[in-house]
Amino acid sequence: MSDRDPQPVERQLPTEEARDLLALVREIAQREIAPKAAEEEDAGRFPREVFTLLSDSGLLGLPYDSEYGGGDQPYEVYLQVLEELAAARLTVGLGVSVHTLASYALAAYGAKQQQVEHLPAMLGGGLLGAYCLSEPSSGSDAASLRTKAVRDGDGWVITGTKAWITHGGIADFYTVMARTGEDGPRGITAFLVPGDAEGLSGAMPEKKMGMKGSPTAQVHFDGVRVPDGRRIGEEGQGFSIALSALDSGRLGIAACAIGLAQAALDEAVGYATQRRQFGHPIADFQGLRFMIADMATQIEAGRALYLAAARLRDAGKPFAKQAAMAKLHCTDTAMKVTTDAVQILGGYGYTADFPAERYMREAKVLQIVEGTNQIQRMVIARHVAGPEGR
């Protein structure tokens, strides 16, 4: 790893409070997260104590209402916090994004009594959430999910298997989409399921090429009983809740991708300014200078794109198209920038002695999660050219 300290990102923040918040996040990232990232990722260790610290610091519920333990921060600020966390360690940044996604359904669609009862612990009580939509046979085609919730007295019995669940098996609560009615999107309902519910279990985590410290696992629901008071929204509303959540979640992934790309750029610049060949730092050679310029430009463009989408969201305006564009562009940028960082480091970039190879492995999953980039292109095209088959 380069011993050159990276320059802090120049951020346009709306308030002095936001500037203080970002300073706190950078301090936590530099002191508690980054120094252990390589070792713990290599060991496949999930840093639960970091999430406890983030919760205690008020950083796990930033975009939600302070009445329920949130931080009252606009998405414009929350996403930049995610970017800083992801730059230190993607497992942490993505974990906060997933927790925010898992909290969304209750915060946006829950009844007042449900919010009063559950949100304070979810947003500031040290709990960690997971979001359960995908299944072994339904990923991009989420409306075909088969997990069922059947009425039983004054509650529901959930049976089925969810797949590719971040925090699967270790989460304290799961936001679960289950079929309660007809086939297709109108037969799906959302539920808030406690992590210690009888009949709920996590499978062995998947063996992944990157993000080994973040557990991704199937979650089995074997006759899990939940009271009707844990149903979120109306029966049959679950799919629209899920899509609304994903619009915001995609912005979280975009911010994490830019954080990862920024970390890779910082590593590449640090190496290139110190490594000497032919009597000069390799950063003096035009071929590498152009690569670095392109990397920096792509990152700035991605940051501007996700922030523009966030400001639309904060203003209460439609932002689904811009969220899909941000997710697409930022994650493709992360893949390109991390690959170029490995190239700049040469042989050293291919070794685990430097973090560039880990960044490249981690970047790949961001093009897949919360809607593959092919799905993002479909979403964007529908907004621009209209629906297919007209």
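Residues numbered from 1 in each chain as written. Predicted model: local features only at pLDDT ≥ 70, side-chain atom pairs only at ≥ 80, totals over all residues. Heavy atoms only, no water.

Note the following rule: UniProt positions are given in the numbering used here, feature names are shortened, and annotations may be inferred rather than shown by experiment.
Named according to an unreviewed UniProt entry, the protein is Acyl-CoA dehydrogenase originating from Streptomyces diastatochromogenes. Checking UniProt for the protein, the heading Sequence similarities (unreviewed entry) contains the comment "Belongs to the acyl-CoA dehydrogenase family." Checking UniProt for the protein, the heading Cofactor (unreviewed entry) contains the comment "FAD".

**So, the UniProt feature "domain: Acyl-CoA dehydrogenase/oxidase C-terminal" (unreviewed entry) in the protein**
Our working definition: Think of it this way: any DSSP run of H or I at least four residues long counts as a helix, any run of E at least two long counts as a strand, and we number them from the N terminus.
Mapped onto this numbering, the UniProt entry gives "domain: Acyl-CoA dehydrogenase/oxidase C-terminal" (unreviewed entry) at residues 236-384. With 77% helix and 3% strand, residues 236-384 has end C-alpha atoms that lie 29 Å from one another.

**Here we look at the packing of helix α6 (residues 238-274) against helix α8 (residues 320-345)**
Applied cut-off: Each axis is a line fitted through C-alpha atoms, and for a helix only the stretch in contact is used; angles between axes span 0 to 180 degrees, taken between their N-to-C directions. Should an angle fall under 35 degrees it is taken as roughly parallel, and over 145 as roughly antiparallel, whereas 65 to 115 is taken as roughly perpendicular and any remaining angle as oblique. The sense of a crossing depends on the near helix, which, turned anticlockwise from the far helix by less than a right angle, makes the crossing left-handed and, turned clockwise, makes it right-handed. Three classes are used, and their members are as follows: Ala, Val, Leu, Ile, Met, Phe, Trp, Tyr, Cys and Pro are nonpolar, Asp, Glu, Lys and Arg are charged, and the others, Gly among them, are polar.
Packing of α6 against α8 leaves a shortest axis separation of 8 Å and a crossing angle of 20 degrees. Classified by the angle their axes make, α6 and α8 are roughly parallel. Pair α6 / α8 crosses with left-handed handedness. Here the residues of the contact of α6 with α8 sort into 21 nonpolar, three polar and four charged.

**What to know about the UniProt feature "domain: Acyl-CoA dehydrogenase/oxidase N-terminal" (unreviewed entry) in the protein**
Residues annotated in UniProt with the feature "domain: Acyl-CoA dehydrogenase/oxidase N-terminal" (unreviewed entry) correspond here to residues 15-125. The span residues 15-125 is 76% helical and 0% strand by assignment, and the distance between its end C-alpha atoms comes to 26 Å.

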